[in-house]
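Each chain, written out:
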Amino acid sequence: MVYETSYGTGHKPFSPDQNRGMWEKPTDYIFACFGLALKLDLFSASYWFFFDMGIFGMLPYFVYMVIYLVPILVIHSFMGQFSSSGFISAFRLSPFFKGMGYVSGFLTLSMLIYYSIFAAVPLLFLINSFRPTMPWSCEGMKSWYNQSSDISTICNVTDGKETLDTDYGEGNSSYYTKILEVPSVLYFQSHFENMEYFHIDESKSGFDLSWHFVGYFVLVWGIIALIFYKFSETAKFGKLNRFMVLGTLGLLIVCLVRFLFLPGAIKGLLRFATPHEQDIMGMGSTFIMVLYAFGAGWGSVITLSSFNKFHTNIMSYSWIISFGQIFIYILFGMATFMLDHYFEGLYSFINVLFLIYYFILRLPYAEVKAASYDTHVMSHWMLFLSSASAMASMEWANMWTFIYYTMLLMASLTVMITQIFTVLQSLFDEFEQLRGRKQEVTFGLIGGLAFCSFLFCTNVSSFSLNHPYRNFKFVPIHQDGILFFSVLSLDAIFSHSVLHLLLLLVVLWIYGRERFQRDIEFMLGQPFASWKVFILRFISPFILIVTLLAGLSVAFFEHSYSSVVVLVLAVFLLGLPLLSIPGYGLYYLYQSSGTFCERFRRTCRPTDWYPVDMADRQRYEESVGNTEMTHQLFEVTEEVN
């Protein structure tokens, strides 16, 4: 191994940030990683991929966990904890690939631009829950809803129009269908004047900015700015994050207990817990959960682990994190199934009413005999929109609405502040000149993200919250996708898979498995098993390639329902940033000296790769061979001169 310093490559040596701080408690790192699993667009956009399958559909998660989730979590944690650096500077391990860190930062910022909608929607319902009569209740919607419209709701099931379709097969039977809207969904849509239902070509709809949501967005970003003003220090931030994660899960469990008393909730829970043929058909799609374990920008775990003490047992922590994240997925899956079957119970009951009202009171006997009736409740974006109407039917509805949407708001804020924290610290680690202006950089970044996020206060973005993937007619409606958001969110599957493949190449092939195992053993005092290395080198890449191809197929499916504008956004926000990896590598080659082969070898070698603490650094130099290190540094100096 040839040890390089930055002097040998013509760059300024790495200077660690001595004021970056550490976690107050070792478990703060665990809770910060738990918070990454609260990224709620995963639950909404990916419902069709695994939440419609129940808990048995998630079983492959445990296989993925052994094959590559836990080992790759260890690699991420190793890079951050060993170097005490964020996801950019940690690639001193192999500077040619430092562009991976910049890609991670760009992906994180891209997510933060649109993710504020996931905090603004809970804020909408939370604030309006203080009204004596909530606007989306059956009584409250009379004050704003046009009762003369042809749209039926679960509050006025006998109004509106039904559709008669005839099957000209054997029996010549007729089918009546009636679509029932959920008041809370209509209330959300009422904030946009040009919202059109089931409208696929968004170019025909006017561009409408909702000033109500501009206000909610400003409030969300104001809360985030206040958090970073009060809790910018690492120890304080970790403590706040710990309480927010625990508070979110505590409120979620309280809500789950209350949901048990909703009509149809027990049936939904039983469906979630029992095997079904759908579970087998879609088991492979749980890779979405696995990839999102590392955060929206892929490199969050690297930065979060950099605040650990040098000897923190990241191997056992990685197992705890993996089990904790699947526990969170299961809790939200339970909530989704209980709410979903509540609405299924509604339209089952309504079907009976219509059989009596339409077929006995309004239709001739012969037509009743040949016809059947089917009603579907349009339960859009279950966790965020439709759930408000479910809680409006409860006793103490205002209180339960407040508790539930406080939980969703805390979950969204936890994700946003954690991602912003990792980006900021990674920038401060990499760019020494920014460390003296931390406050200006922090609030400048928050202000820039807030300004860019106002795009999602328009009817274009709100349309994406309600637009169905599928043909709505004759298809039972379980969950609507977030068309535009899910495109960007699910396109990240491809980016994350590419970054994971490159990480395995960098750590286990370029840096080398022996050096990686040596560094792990030096840091933790225990070896990293060779069988795990074998899996990571030869089995995990195969699974990641399959995941990459699956991500491409999902992206093609999503983009078939989106506009060209969304495709261009996906290319610019998720595709083109990957080019910065070879781009930065070539720039680093240009800055070095010697022939092309010499430059390439030098830029792939670890540069300034050692523990930041001086005592640990001295022990590390002794461990790898201080004499060899000094000799190599002398050779590099002579070569430069």
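Residues numbered from 1 in each chain as written. Predicted model: local features only at pLDDT ≥ 70, side-chain atom pairs only at ≥ 80, totals over all residues. Heavy atoms only, no water.

**A closer look at the overall build of the chain**
Link 1 in the chain: Scanning the chain from N- to C-terminus turns up 28 helices and four strands.
Link 2 in the chain: Residue burial in the chain is summarised as follows: out of 641 residues, 59% are buried.
Link 3 in the chain: In the chain, once contacts between residues fewer than 6 apart in sequence are set aside, the share between residues at least 24 apart is 82%.
Link 4 in the chain: With an accessible surface of roughly 25,500 Å², the chain has 65% of that area assigned to carbon and sulfur atoms. (Helix = DSSP H or I, 4+ residues; strand = E, 2+ residues; numbered from the N terminus. Buried < 20%, exposed > 50% of the residue type's maximum accessible area, 1.4 Å probe, protein only. Contact = heavy atoms within 4.5 Å. Areas by Shrake-Rupley, 256 points an atom, 1.4 Å probe, with all protein chains shown as cover.)

**Concerning the pattern of salt bridges**
Link 1 in the chain: Evaluation of the coordinates by the stated rule reveals eight salt bridges.
Link 2 in the chain: For Asp519, the salt bridge goes to Arg518, with nearest N and O atoms at 3.1 Å.
Link 3 in the chain: The class of Asp519 is buried, set by a relative accessible area of 0%.
Link 4 in the chain: Given a relative accessible area of 24%, Arg518 falls into the partly exposed group.
Link 5 in the chain: Taking the shortest distance from any N to any O, the salt bridge between Glu621 and Arg617 comes out at 3.4 Å. Here Glu621 and its partner Arg617 are both found in helix α27 (residues 614–624), four residues apart, which amounts to about one turn of the helix.
Link 6 in the chain: Taking the relative accessible area as the measure of exposure, Arg617 reaches 24% and is therefore partly exposed. (Salt bridge = Lys/Arg side-chain N within 4 Å of Asp/Glu carboxyl O.)

**What to know about the packing of aromatic side chains**
Aromatic ring pairs are reported here in terms of the distance separating the ring centres and the angle at which the planes meet.
Link 1 in the chain: One pass over the structure, following the stated rule, counts 45 aromatic pairs.
Link 2 in the chain: Measuring from centroid to centroid gives 5.6 Å for Phe78 and Phe82, while their planes differ by 45 degrees, and the two rings are tilted. In this pair, Phe78 and Phe82 both sit in helix α5 (residues 60–83), four residues apart, roughly one turn of the helix. Comparing Phe78 with Phe82, the two get one shared label, buried.
Link 3 in the chain: Ring plane angle 55 degrees and centroid distance 5.7 Å describe the contact between Phe259 and Tyr404, whose orientation is recorded as tilted. (Phe/Tyr/Trp six-rings, centres within 6.5 Å; stacked < 30°, edge-to-face > 60°.)

**Digging into the environment of Trp381**
Link 1 in the chain: Take Trp381: it is sitting in the loop between β4 (371–378) and α17 (382–392).
Link 2 in the chain: Put simply, Trp381 and Asp41 are 340 residues apart on the chain and 10.0 Å apart in space, counted from C-alpha to C-alpha.

**What to know about the side chain of Ser116**
Link 1 in the chain: In this structure, Ser116 sits in the loop between α6 (99–115) and α7 (117–128).
Link 2 in the chain: Beyond its immediate chain neighbours, meaning those up to four positions away, Ser116 contacts Phe217, Trp221, Met416 and Ser453.

**As for the confidence of the model for the chain**
Link 1 in the chain: With 74% of its residues at a pLDDT of 70 or more, the chain shows a mean pLDDT of 79.
Link 2 in the chain: When the criterion is pLDDT under 50, residues 46–51 qualifies, and its contacts beyond four places in sequence or with other chains add up to 31 contacts.
Link 3 in the chain: The low-confidence segment residues 352–376 (pLDDT under 50) makes 52 contacts with residues lying over four places distant or belonging to another chain. (pLDDT = per-residue confidence, 0-100.)

**A look at unusual backbone geometry**
Link 1 in the chain: The backbone of Ser84 shows a phi angle near 50 degrees, a positive value even though the residue is not glycine.
Link 2 in the chain: Structurally, the position occupied by Ser84 is in the loop between α5 and α6.

**Things to note about a nonpolar patch on the surface**
Link 1 in the chain: A surface patch of nonpolar side chains, amounting to about 680 Å² of accessible area, comprises Ile253, Val257, Leu260, Phe261, Ile266, Leu270 and Phe327.
Link 2 in the chain: Of all elements in the fold, only α10 (234–259) and α11 (265–273) reach the threshold of two or more residues within the nonpolar patch.
Link 3 in the chain: Inspection of the secondary structure assignment puts Leu270 in helix α11.
Link 4 in the chain: Here Leu270 falls in the exposed class, since its relative accessible area comes to 53%. (Patch = residues over 30% accessible without salt bridge, like charges linked within 9 Å, V, L, I, M, F, W, Y side chains within 5 Å.)

**Looking at the environment of Gly448**
Link 1 in the chain: Note on placement: Gly448 falls in helix α19 (residues 438–453).
Link 2 in the chain: Gly448 gets classed as partly exposed once you look at its relative accessible area, which sits at 32%.

**Digging into α17**
Link 1 in the chain: Burial runs high along α17: ten of the eleven residues are buried.
Link 2 in the chain: Here α17 has its buried residues at Met382, Leu383, Phe384, Leu385, Ser386, Ser387, Ala388, Ser389, Ala390 and Met391.

**Quick look at the environment of Ala335**
Link 1 in the chain: With respect to the helices, strands and loops of the structure, Ala335 is situated in helix α15 (residues 314–360).
Link 2 in the chain: For the pair Ala335 and Val257, spaced 78 residues apart in the sequence, the C-alpha separation amounts to 9.7 Å.

**Here we look at the side chain of Arg92**
Link 1 in the chain: Secondary-structure assignment places Arg92 in the loop between α5 and α6.
Link 2 in the chain: This buried residue, Arg92, is left without a salt bridge; Asp608 holds the nearest opposite charge, at 5.6 Å. (Lys, Arg positive; Asp, Glu negative; His and termini not counted.)

**Details of the packing of α6 against α19**
Each pair of packed helices gets described by two things: the angle between the helix axes and the distance between those axes.
Link 1 in the chain: With their axes 8 Å apart at the nearest point, α6 and α19 run at an angle of 55 degrees to one another. In terms of orientation, α6 and α19 fall into the oblique class. Helix-helix and strand crossings are classified by hand; for α6 and α19 the assignment is right-handed. In contact with Leu109, Leu112 and Ile113 of α6, α19 contributes Leu445, Leu449, Cys452 and Ser453.
Link 2 in the chain: Considering only residue class, the contact of α6 with α19 consists of six nonpolar, one polar and no charged. (Axes fitted to C-alpha atoms, helices over the stretch in contact; angles between N-to-C directions. Parallel < 35°, antiparallel > 145°, perpendicular 65-115°, else oblique. Left-handed = near helix turned anticlockwise from the far one by under 90°. Nonpolar A, V, L, I, M, F, W, Y, C, P; charged D, E, K, R; others polar.)

**Digging into the packing of α7 against helix α18 (residues 397–430)**
Link 1 in the chain: Where α7 contacts α18, the axes come no closer than 8 Å and their chain directions differ by 160 degrees. Viewed along their axes, α7 and α18 adopt a mutual orientation that is roughly antiparallel. The chirality of how α7 crosses α18 is left-handed. On α18, the residues that touch Phe118, Ala119, Pro122, Leu123, Phe125 and Leu126 of α7 are Thr401, Phe402, Tyr405, Thr406, Leu408, Leu409, Ser412 and Met416.
Link 2 in the chain: Looking at the contact of α7 with α18 residue by residue, the class counts come to eleven nonpolar, three polar and no charged.

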